[in-house]
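One-letter residues, chain by chain:
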Amino acid sequence: MKYLILLCIGVFGSSIMAAQTLKIYDKTNLQPIANVSIEAGENLKVTTNTEGKAEISAFKNASEIWFIHPDYSVKMVSYETLASMNFQIGLSENSFVLDEVIVSANRFQESQRDVAQPVQVLNAKKLSFLNQQTSADVLQSSGNVFVQKSQMGGGSPVLRGFETNKVLMVVDGVRMNNAIYRGGHLQNVITLDNSMLDRLEVVFGPGSVVYGSDALGGVMHFYSKNPSLSYTDSLRVKANAFTRYATANSEKTGHVDVSLGTKKFGSLTSFTYSDFGDLRQGAFRNELYDDYGKRTFYVERQGNEDVVIENNKPNVQRQSGYKQYDFLQKFLYKQSENVSHTLNFQFSTSSDIPRYDRLTQVRDGLPRFAQWYYGPQKRLLGSYALDLKAENGFFDGARFILGYQNIEESRNDRRFNNDNLNHRIETLDIFTFNADFEKRFGKNEIHYGLDAWLNDVASEANVEDISTGTTSPLDTRYPDGGSKMKSFAAYITHSYEISDQWILNDGLRLNTVSLEAKFDDKTFFPFPFDEVKQNNTAINGNIGLIYMPGADWRFTAIASSGFRAPNVDDLSKVFESAPGEVVVPNPDLKPEYTYNAELGISKSIEKTVHLGVTGFYTWYRDAITTGPGTFNGQSTVIYDGEESVVLTNVNANKAYIYGINGYLNADISPIFSITNTINYTFGRIQQDPIDYPLDHIPPVFGRTHFNLNMNKVKSSFFVVYNGPKKSKDYNLLGEDNEAYSLDPVNGYTPGWFTLNVSTAYQFNANIQLQLQLDNILDQNYRSFASNISAPGRNFLVTLRGSL
């Protein structure tokens, strides 16, 4: 009997000890929260593990136990209360986090509060709730990045009036920008699977010191998820899956990822498939332009001829749908606490993607094109990363990344009732290497490194007779003899905590960029040169000052320079930019430079209301823009059977851009918050007698969200708005696409707004249902410079599962 009593006491005691393991979770999605600091008094402190758990037996009888995490509202309860809650507690997420850890500013983790340059972060939880179809849509939903679209399978981000090859995209430390990123609109960002993003960081303003050429307007750094290692001897298995359907384009997306991990080795495998049908635009139009954007016809091949078909559903943008496939595989080997290795493989491809805007063009009452599509856009990435931690004389932390990318893209077009289908194919082999280091001593923090990259471009072209199947040569988009572009750079940045109130950021970079392109075949264009060679060297610097006088005020001042060397696309391409206009090479093109100044001020009120404003002014020198040109002394040429006006890329002597960004975030209560952002940009090329509009300058745009966070439920009612792009602000020689606006001569895009609502309900820790209704009023609109109308009323339903 005595042994039985002792056994019962032992079992009872064990159960009590087990109950003293606390679990902390996000109250809206029931997911565990790691790295929560649990504190009682000065000396009692523990932190939750990756499963949101912590042992708190030492806290017994504590009257005040504090739960602190930078992303969540601080909470305090007693031990007795925790016991009554079965040692489980949910926290409410903050709408704004000033102390969030960022990486992109200097390539190593640091507090956003210590960085003068503005950085916006979208973490995995936010990305999941945004529930966007592509990474281009994710950027647009940030409220601070403008996105242009020429077709549904695309999206060209604009930062501070800079677009495409003047803003930098980076994935997992490897730059995506390549030698043929053009000055027009790009669709490369959609090759990134937003389903597998752990976070997205957008750095606003020149990033040339840390990232080199192309980062004039800013840097968009995409971080994919990593394998989850086990903290026990058992194999850790995690899996996620979702399926989504959207009515506006009959989207059908499926995703699955599986992570396997031991204490030292982890594997993460992911696959996503999306099928997008033709996009339906909004039906509610302003009565002054009630036919704007209607798709009244499309072309079908019937027998041996092209036939114009009347579209009986003109709000359905026929021939805009496509399919996409994304694959990711990561391996992580944690050799020790101080050494880890990561192998990263990503592959994205698609079906043919119709170039919707070209398929709507009309000439002499008939369609210009029967076919115009991008071939499957393929992106292959392979990289190896070595991370080191060591306190020695050279560094405290180091990261080496060796990357290879293979890119293939093509343009295919055929004129109406013409049997010749033109194929222009580009392939790139891209090699990159980064070596980055950090070192701390006293109040100083230094980051420094080297980086190098090489782009090898091959361009091919042929004409296919679709009636006979025969092929013949065609002029290539880029030099047929091949092109090479390479860069080498060294940089150093420094941060000095002068006092509790003052922080200094500064940096310097030396960068060399060279390019060589060869023109072998002059059958189609009698180029007056055989090759183009350039070597450019630039020194860039920045200096920033942060002043925090107390009472939650924060002031920033930044001066920085940016540099961009002409690439293969700038220097050597031949292409039709618009009907009747052809761009020809300019081997004398020079690099472009920016000199940037900005001031920021922010204020936190009672740690629940956060508001701020940042203003910037950019002096833009030798800006690469498109202007009138000549070819062999002639202002017009015959291109693809049509007489076309000659344009060429030139260096504008001077230009300027200025703008302002404002935000307001208010946590009204633990369950209700408001977030708002607004952006204004203005840009001009300086010339006599009056300044001329710079292209890529979006109108006023922003978003306002009203958020509700309750147990198991997260909801947001939000308004998205854009101001008008007036005729006087259009650049008629650039990439503003006035031909697709309301005024095809001078350009004009009306302002618009949409009302939207999104809700996620968490059935349990493993199953979530998301319902979203976008453009509730079914407004018809186009974003500035876009050549396809935006989705009309769109209902999305997403079912997510995890284990």
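The structure this text deals with has already been given above.
In this report, we go over the structure that sits alongside the text. The model shown is predicted, which means the values in this text are computed figures rather than measured ones. (Residues numbered from 1 in each chain as written. Predicted model: local features only at pLDDT ≥ 70, side-chain atom pairs only at ≥ 80, totals over all residues. Heavy atoms only, no water.)

## Examining the sheet that holds strand β17 (residues 218-224)
Here five strands make up an open sheet; going across it, the order is β10-β16-β17-β14-β15 and the pairing mixed. Two strands close off the open sheet at either side, each with one partner strand: β10 (119-123) and β15 (174-175). Of the pairings in the sheet, the one linking strand β14 (residues 168-171) to β15 comprises two bridges and is antiparallel in character. When the bridges of β15 are listed, Val-170 appears paired with Arg-175. (Pairing = 2+ DSSP bridges. Helix = DSSP H or I, 4+ residues; strand = E, 2+ residues; numbered from the N terminus.)

## Comments concerning the environment of Gly-277
Within the fold, Gly-277 resides in the loop between β20 (265-276) and β21 (279-280). Separated by 160 residues in sequence, Gly-277 and Phe-437 place their C-alpha atoms 47 Å apart. Apart from residues no more than four positions distant in its own chain, Gly-277 is found in contact with Met-152, Asn-249, Ser-250, Ser-320 and Gly-321. (Contact = heavy atoms within 4.5 Å.)

## Structural notes on unusual backbone geometry
Look at the link from Asp-688 to Pro-689: it is a cis peptide, with omega at 0°. With respect to the secondary-structure elements, Pro-689 resides in the loop between β46 (672-685) and β47 (692-693). The phi angle at Leu-30 is positive, at roughly 65°, despite the residue not being glycine. Structurally, Leu-30 can be placed in the loop between β1 (21-26) and β2 (37-40). The exposure class of Leu-30 is buried, given its relative accessible area of 17%. One non-glycine residue, Asn-131, lies in positive phi territory at about 55°. Locating Asn-131 in the fold gives a position in the loop between α3 (124-130) and α4 (135-141). (Buried < 20%, exposed > 50% of the residue type's maximum accessible area, 1.4 Å probe, protein only.)

## Topic: the pattern of salt bridges
All chains considered together, the criterion is met by 40 salt bridges. The residue Arg-355 makes a salt bridge to Asp-357 at a minimum N-O spacing of 2.6 Å. Under the relative-accessibility criterion, Asp-357 is labelled buried at 1%. Each of Lys-166, Arg-175, Asp-214, Arg-564, Asp-570 and Glu-592 takes part in salt bridges that share partners, so that together they form one network. (Salt bridge = Lys/Arg side-chain N within 4 Å of Asp/Glu carboxyl O.)

## Quick notes on the environment of Phe-297
Mapping Phe-297 onto the fold places it in strand β22 (residues 297-302). A relative accessible area of 14% places Phe-297 in the buried class. Between the C-alpha atoms of Phe-297 and Ser-340, which are 43 residues apart in sequence, the distance is 57 Å. For Phe-297, the residues in contact, after removing those within four places along its chain, are Val-308, Ile-309, Asn-311, Leu-359, Thr-360, Gln-361, Val-362 and Pro-367.

## Side note on the side chain of Ser-340
One can find Ser-340 in strand β26 (residues 339-350). Classification of Ser-340 as buried rests on a relative accessible area of 16%. Other than its neighbours up to four places away in sequence, Ser-340 contacts Leu-332, Tyr-333, Lys-334, Gln-335, Ala-385, Leu-386 and Asp-387.

## Thoughts on the packing of aromatic side chains
Where two aromatic rings form a pair, the distance of their centres and the angle of their planes describe that pair. Counted according to the given criterion, the structure contains 26 aromatic pairs. Ring geometry for Phe-563 versus Tyr-593: centroids 5.8 Å apart, planes at 40°, classification tilted. In this pair, Phe-563 sits in strand β39 (residues 553-564) while Tyr-593 sits in strand β42 (residues 592-605), placing the two residues 30 residues apart along the sequence. Geometrically, the ring pair formed by Tyr-617 and Tyr-656 is stacked, given 6.2 Å between the ring centres and 10° between the ring planes. Here Tyr-617 is found in strand β43 (residues 609-628), whereas its partner Tyr-656 is found in strand β45 (residues 642-667), with 39 residues between them in sequence. A relative accessible area of 13% means that Tyr-656 is categorised as buried. An aromatic cluster is present here, built from Tyr-617, Trp-619, Tyr-656, Tyr-658 and Phe-682 joined pairwise through their rings. Of note, Arg-355 hangs over the ring of Trp-372, and the distance from its end group to the ring centre comes to 5.3 Å. The residue whose ring lies beneath Arg-800 is Phe-242, and the NZ or CZ to ring-centre distance is 4.8 Å. (Phe/Tyr/Trp six-rings, centres within 6.5 Å; stacked < 30°, edge-to-face > 60°. Lys NZ or Arg CZ within 6 Å of the ring centre and 35° of its normal.)

Shape is all these values report; function is a separate question.
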